[in-house]
Amino acid sequence: MIKLEQISLPIKFLDGDVLSQIAKNLKISVKDIKEYEILKLSVDARKKPNIKFVASLGVTLGEKLEKKFKSLRFEKVSHLLEYEKKSADKKIVIVGFGPSGMFAGLALAKMGLKPLIIEQGKMVDEREKDVEEFWQNRKLNKYSNVQFGEGGAGTFSDGKLNTNLNNSYCKSVIEELVSFGAPKEIAYLNKPHIGSDKLKEVVKNMREYIKTLGGQFMFSTKLSNIKIDGDRVTEIDVLDVETGKSTAIKVDKLLLCVGHSARDVFSLLKDKGVTLKQKPFAMGVRIEQKQSDINLSQYGAEKIDGLANADYKLAVHLPNGRAVFTFCMCPGGEIVASSTDEGEIVTNGMSLFARDKENANSAVLVNILPEDFGSDDPLAGIWYQAKYERLAFELGGNNFNAPAESVGSFVYGRGTKTDINFSYRPGLTFSKIEKCLPEIVSQSLKMGLPLLNEKLKNFARDENLLVAIESRSSCPLTIVRDENFESNIKGIYPVGEGAGFAGGIVSSAQDGIKVAESIFRNL
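Everything in this summary refers to the structure shown in the same document.

Cut-offs used in this document
- Residues numbered from 1 in each chain as written.
- Predicted model: local features only at pLDDT ≥ 70, side-chain atom pairs only at ≥ 80, totals over all residues.
- Heavy atoms only, no water.
- Core = buried A, V, L, I, M, F, W, Y, C linked by side-chain atoms within 4.5 Å.
- Buried < 20%, exposed > 50% of the residue type's maximum accessible area, 1.4 Å probe, protein only.
- Helix = DSSP H or I, 4+ residues; strand = E, 2+ residues; numbered from the N terminus.
- Contact = heavy atoms within 4.5 Å.
- Disulfide = S-S within 2.5 Å.
- Pairing = 2+ DSSP bridges.
- Axes fitted to C-alpha atoms, helices over the stretch in contact; angles between N-to-C directions.
- Salt bridge = Lys/Arg side-chain N within 4 Å of Asp/Glu carboxyl O.

## Focus on the nonpolar core
- Membership of the largest hydrophobic core comes to 84 residues, with the highest contact counts inside it found for Leu 61, Trp 135, Ile 287, Val 364, Leu 445, Leu 449 and Phe 459.
- Per-element tally for this core: the top contributor is helix 9 (residues 380–396), with 6 residues.
- Excluding residues that lie within four positions of it along the chain, Phe 459 makes contacts with Ile 287, Gln 289, Tyr 312, Leu 314, Thr 326, Ser 362, Val 364, Leu 449, Leu 452, Asn 453 and Asn 464.

If you want it as structure tokens, here you go:
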């Protein structure tokens, strides 16, 4: 196989277009091409509205021609996880079945170590019913919701897989996801995503595969206590949240893959003497726009047949030392209610694989520093989040409505009405959202939104909608661990986003793999 790069293709390219470009580039006949594979595909929108794709291709030719083009030779390598199996008389328990827990569990199962995975939420199909009940009828299940349950918070998101990392672990995550049913194009798209609808099937397939390798699962099962002898974990108590029954489980290795919203676990760890430290995070709002406006700004047309809805990623640095930036942008998506407890408002964004809904949305965030927390306690960042989530709940009407305001009203005080057909369920209450935001966040957003609008026309037009509050973009603490990924309590392994070591599906998943491999090496 040889590799060709920077191959231009039309938006609605067919097989013949690709073959023609390969032949033209190499100055050979189409008949000389045995097969090809797309290795990378990205959008070139520099000359709007004449948009095109730019591709990297793996091409197989006849033996003589491949020798002729030997300088272009390319060897495709599989990154699927493979290990020599070990048998070990060790009880390995994973708490949480989000991306880090899924991939730690997958790796450990492939190693022959048969992990027990406990998850306080339900399996994904039942969890989906709980989420819909909350969105439609305001009935929250605090154990099974957008944040908690099989697949983790990423299951009800856009399913983005882009990351600043580019290593073999990331490639392993992508290839494993494809092997469990994710769309094949995530392996080559420049900005891959799975979508909430596709993720559910992937999660179920991975669970069933882990079970075939001897892994075990306990859903609707919550970690309630950790027992420590000296400086080592020995046992945990788990609670069946449906029956109230408590069970003690002996444990040698405890992987905490709990996600950034597991506040009760963080409190438990502090009480047990596990070292925690404060960490910066970000807070702000969700902005909702017409997707056609974003397409027009990015592509020069409201819609281009054959081209997915446009996205964006924006940031500005302000004179007050803060940054305002977009995060978790969802083309053709919706803003979703993501609370985990009564009396709080938490928002997030979600898209299906097609990304074909009317609106675009993203978080618009301001960086929050530990000195803002008002305390040296390692849990102070969580208290800071909770304070403003409760204020948002009150401002929304104490019924899970989220407070909302137009950009024109929030930034300029113009009283502008929104023209956005808002997506948030169960509903919105229009009010002055600065009442539920930290002063530094409100001030920074008012300065930053106009500057972001200069970078992308119509991003923050007066009629666009701001929905509060986006408070859980990342964890405000770190569970400290050593070079072997172990906390100061031996046998406890903090993993992924909730431990402060990842941000997103791919980085969390690869952290799960790395922790599993460290345990494997040290058995």
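From this point on, the discussion continues.
## A look at the state of the cysteines
- Evaluated as defined, the whole model comprises 0 disulfides.
- Left without a disulfide partner, Cys 170 is nearest to the cysteine sulfur of Cys 257, which lies 17 Å away.
- Counting only cysteine sulfurs, Cys 257 is the nearest neighbor of Cys 475, a cysteine outside any disulfide, at a range of 13 Å.

## Overview of the sheet that holds strand 9 (residues 246–250)
- Pairing is antiparallel in the open sheet, where 3 strands are placed in the order 7-8-9. The open sheet has two free edges, formed respectively by strand 7 (221–229) and strand 9, since each of these has just one partner strand. Neighbour-to-neighbour, the strand axes of this sheet turn through a mean angle of 25°, independent of strand direction.
- Pairing between strand 7 and strand 8 (residues 232–240): 8 bridges, direction antiparallel.

## Description of unusual backbone geometry
- Along the chain, Lys 48 connects to Pro 49 via a cis peptide bond; the corresponding omega equals -5°.
- Structurally, the position occupied by Pro 49 is in the loop between strand 2 (33–44) and strand 3 (52–61).
- The omega angle of the peptide bond from Arg 425 to Pro 426 is 15°, so this bond is cis rather than trans.
- Among the secondary structure elements, Pro 426 is positioned in the loop between helix 10 (407–412) and strand 19 (428–430).
- Phi is positive for Lys 27, close to 60°, though the residue is something other than glycine.
- Position of Lys 27 among the secondary structure elements: in the loop between helix 1 (15–26) and strand 2.
- In this structure Lys 27 comes out as exposed when scored by relative accessible area, which is 75%.
- Positive phi is not limited to glycine here, since Phe 485 has a value of about 70°.

## Things to note about the pattern of salt bridges
- Tallied over the full model, the rule gives 38 salt bridges.
- For the salt bridge of Asp 158 with Lys 160, the shortest nitrogen-to-oxygen distance reads 3.1 Å.
- The class for Asp 158 is buried, based on a relative accessible area of 1%.
- Relative accessible area serves as the criterion here: at 22%, Lys 160 is assigned to the partly exposed category.
- Where Glu 201 meets Lys 204, a salt bridge forms, and the shortest distance between an N and an O atom there is 3.1 Å. Of this pair, Glu 201 and Lys 204 both sit in helix 6 (residues 196–212), 3 residues apart, roughly one helical turn.
- A relative accessible area of 42% places Glu 201 in the partly exposed class.

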